[in-house]
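Next come the chains, spelled out residue by residue.
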Amino acid sequence: MISLPLAVVAVPNTLSVVAGLLPPDLAGAGLMRTHGLALPALMLAVPLAVALTRRVPAAPLLVGALALVAVSDAAGGYAASELLVGVVRVLRGLGSGGVLAVTLVAVWDRAPVLRGLWAGVFAMSLLTAQALALWPLDEVTSWRVTLQPYPMVTGIALGLAAVHLVVWMMAGRPVGEGFERGELKRLLLLLGPVAVVAAAAVSTASAGWRSGAVMLIAALAVTGLLGLASVGGVHRRVMAYVMVAVGVVLLPSAAQVTMAEMGGLGGPGLRGLWVAYTVAGVLAILAAVAVRLLARGGGRWLVPLGLLAMVVGLCSVRLVVPSADGMVLTVPFSLLAVGAAVAVTAALQEVGVGAAAYGLTLCCTGVLAGFLLGAGVQMAMLEGVRSPQELVDGFMGALHWWALISGFLMVAIIVLAALTARRPGRDPAVPETPCAGPLEPTDVLLVSAPAGDRLAAEAPGVAEPVVTWGSLSPGDKPAPAVPPPGQSPEDSGSR
């Protein structure tokens, strides 16, 4: 699980923090744009890595993904142009996306505690990603540290993955859970919309974009993600809505709070925040494991509860940030991380691995949309600033406006998920039962599959119809399925 924070730490674009160390021929918006290619590459790598798990087992894929991260670390020390920086960041994004996807598939059919542990560590990673990306940049003398923040941790994770590969080969190579019909196709179809969001976000890094245009593109991206989340059955839709909400809100919010609490702005700095991060991360992991172990099959009500906890966390951000005392931030950090962990764990319990990978792709794309929306709000609040105090006030105002906007977005998604739960939808992977005509109040719908197949398997040789709809009186008995005059018995299978 140590590879999850290592993967998510590739998301933040921290090059501006070391701008003073950049050589004159590299400084500029172009380098910032290429340095930010890690997240778009990560978004595209998630569905591709999941598709590869159909052909290649998870254990060797995990070694390959971490090897890409290690290669990007090694190459980062030699990057001396925008092109090489872009290549290094793309490699890191591809490896990180592979780590996220493969670890999800790897824990899916294992012990229940592992899936809860994955969800808790994932929530903790989203919360602490900005802080972990900034930590190695304290008093550095080379800007290339942004390209290789934790080379030693990468090596340890790669070694552990190699040990896991050897154990997996010696243990008999267990077969993982398969995908339902049509799930892999829907997952790969996401590559188109994800690429469009990535291209739009990269284009906004160029000079000349106004805040209104950036926020409009971000709003369209979030709306499109919610539209993609609305595909499929009830459980699939609820899970997808949760993943979009967590992606758009958690990491962008934690990143803004982290930047607002830097020492230069009056906060305690990273050293004063680690206790709050640690407490929130531990609580998130414990909450996710508890939900997975104690609420299996009956924790659907925990989804809105977890999202509401995130809304309360956003409200507390408006109340306590900025704060000179880092311990105070334990409240918003814990509410955000625990709420996300609970909601994600409860939602993932209702779906299969293919739908979970679909949601993970939406979540990663939502992170980019959230960053884009937050950047638009900051641009609007910082326009026309003339003094350091106005800069600080504008930055804090942008954070408070972001908390308000994302809070209302979370409430809208909670309502959308609740309405979805009341409106059952047909899973595209399951064909509809043909119907010969409109049902009348005395009609009885007889279905032979899949319920009929299940009954036949339990009682071989017995094929009984299953009554699934009708308006019978308490003493009535179902009428036999007799075809009307002029209709053959084969045509009456749905009556």
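Scoring rules and cut-offs
The numbers attached to residues start from 1 for each chain and follow its sequence in the written order. With the structure being a predicted model, the display of local features is reserved for residues of pLDDT at least 70 and the display and counting of side-chain atom pairs for 80 or more, all residues being used for whole-chain, interface and lining totals. Hydrogens and water are ignored here; the side-chain numbers use all heavy atoms of the structure. Strands here mean DSSP runs of E at least two residues long; helices mean DSSP runs of H or I at least four residues long; both are numbered from the N terminus. Helices are assigned an expected span. That span is 1.5 Å times one less than the residue count. Between buried and exposed lies partly exposed: a residue is buried under 20% and exposed over 50% of the maximum accessible area for its type, with that area taken using a 1.4 Å probe on protein chains only. The arc in question is the one traced by the directions running from the helix axis out to the C-beta atoms. Here, residues are in contact when the closest pair of their heavy atoms is within 4.5 Å. Under this definition, polar contacts are N or O atom pairs within 3.5 Å; protein pairs additionally need one hydrogen-donor-capable and one acceptor-capable atom, and for neighbouring residues in sequence, both atoms have to be side-chain atoms. Centres within 6.5 Å make a pair out of two Phe, Tyr or Trp rings, where for Trp the six-membered ring is used; the pair is then stacked when the planes are under 30 degrees apart, edge-to-face when over 60, and tilted otherwise. Salt bridges are identified by distance alone: a Lys or Arg side-chain nitrogen within 4 Å of an Asp or Glu carboxyl oxygen. A residue's pLDDT is the predictor's confidence in that residue, given on a scale from 0 to 100.

Taking 1.5 Å as the rise per residue, helix α9 (residues 191-203) with 13 residues should run 18 Å; its terminal C-alpha atoms sit 18 Å apart, in good agreement. Listing the buried residues of α9 in full gives V194, V197, A198 and A201. Buried residues of α9, seen end-on, are gathered within an arc of 100° and therefore sit on one face of the element. The inward-facing, buried residues of α9 contact α3 (38-52), α10 (211-229) and α15 (353-382).

The topology assignment puts G30 in helix α2 (residues 29-35). Among the residues examined, G30 registers a relative accessible area of 14% and is labelled buried. Each C-alpha atom of the pair G30 and L83 lies 9.8 Å from the other, and the pair is 53 residues apart in sequence.

Attention now moves to the side chain of H35. Note on placement: H35 falls in helix α2. The exposure class assigned to H35 is buried, which follows from its relative accessible area of 1%. A polar atom in the side chain of H35 sits 3.4 Å from the side chain of T146. If sequence neighbours within four positions are ignored, H35 has contacts with N13, T14, L15, V85, R89, T146 and L147.

Turning to the packing of aromatic side chains, a few remarks are in order. Inspection of the entire model under this criterion finds four aromatic pairs. A ring pair is formed by W118 and F122, whose centres lie 5.0 Å apart and whose planes are at 15°; its orientation type is stacked. Placement of both W118 and F122 in helix α6 (residues 112-134) is noted, with a separation of four residues, approximately one turn of the helix. Taken individually, W118 and F122 each receive the classification buried, so the pair is uniform in this respect.

Take helix α14 (residues 330-348) next. Its 19 residues place the ends of α14 26 Å apart at the C-alpha level, agreeing with the 27 Å of an ideal helix rising 1.5 Å per residue. Taking burial as the measure, the 19 residues of α14 include 16 buried ones, the bulk of the element.

For the structure on display, the rule yields three salt bridges. Across the salt bridge formed by D73 and R92, the nearest N and O atoms sit 2.7 Å from each other. Separated by 19 residues along the polypeptide, D73 in helix α4 (residues 58-76) and R92 in helix α5 (residues 82-108) bring together distant segments of the chain. There is no split in this pair, since D73 and R92 are both buried. Between D138 and R271 there is a salt bridge whose closest N-O contact spans 3.7 Å. In this pair, D138 sits in the loop between α6 and α7 (151-170) while R271 sits in the loop between α11 (234-260) and α12 (274-294), placing the two residues 133 residues apart along the sequence. On the basis of relative accessible area, D138 is assigned to the partly exposed category, the value being 49%. Here R271 falls in the exposed class, since its relative accessible area comes to 65%.

What follows is about the confidence of the model for the chain. The share of residues in the chain with pLDDT of 70 or more is 81%, and the mean pLDDT across the chain is 82. Taking the mean pLDDT of every element in the chain, the minimum, 34, falls on strand β2 (residues 466-467) and the maximum, 95, on α14. Overall, residues 426-495 carries pLDDT values under 50, and its contacts beyond four positions in sequence, including any with other chains, amount to 66 contacts.

The next point concerns the environment of A79. Among the secondary structure elements, A79 is positioned in the loop between α4 and α5. As for A79 and L147, which are separated by 68 residues in sequence, their C-alpha atoms are 8.7 Å apart.

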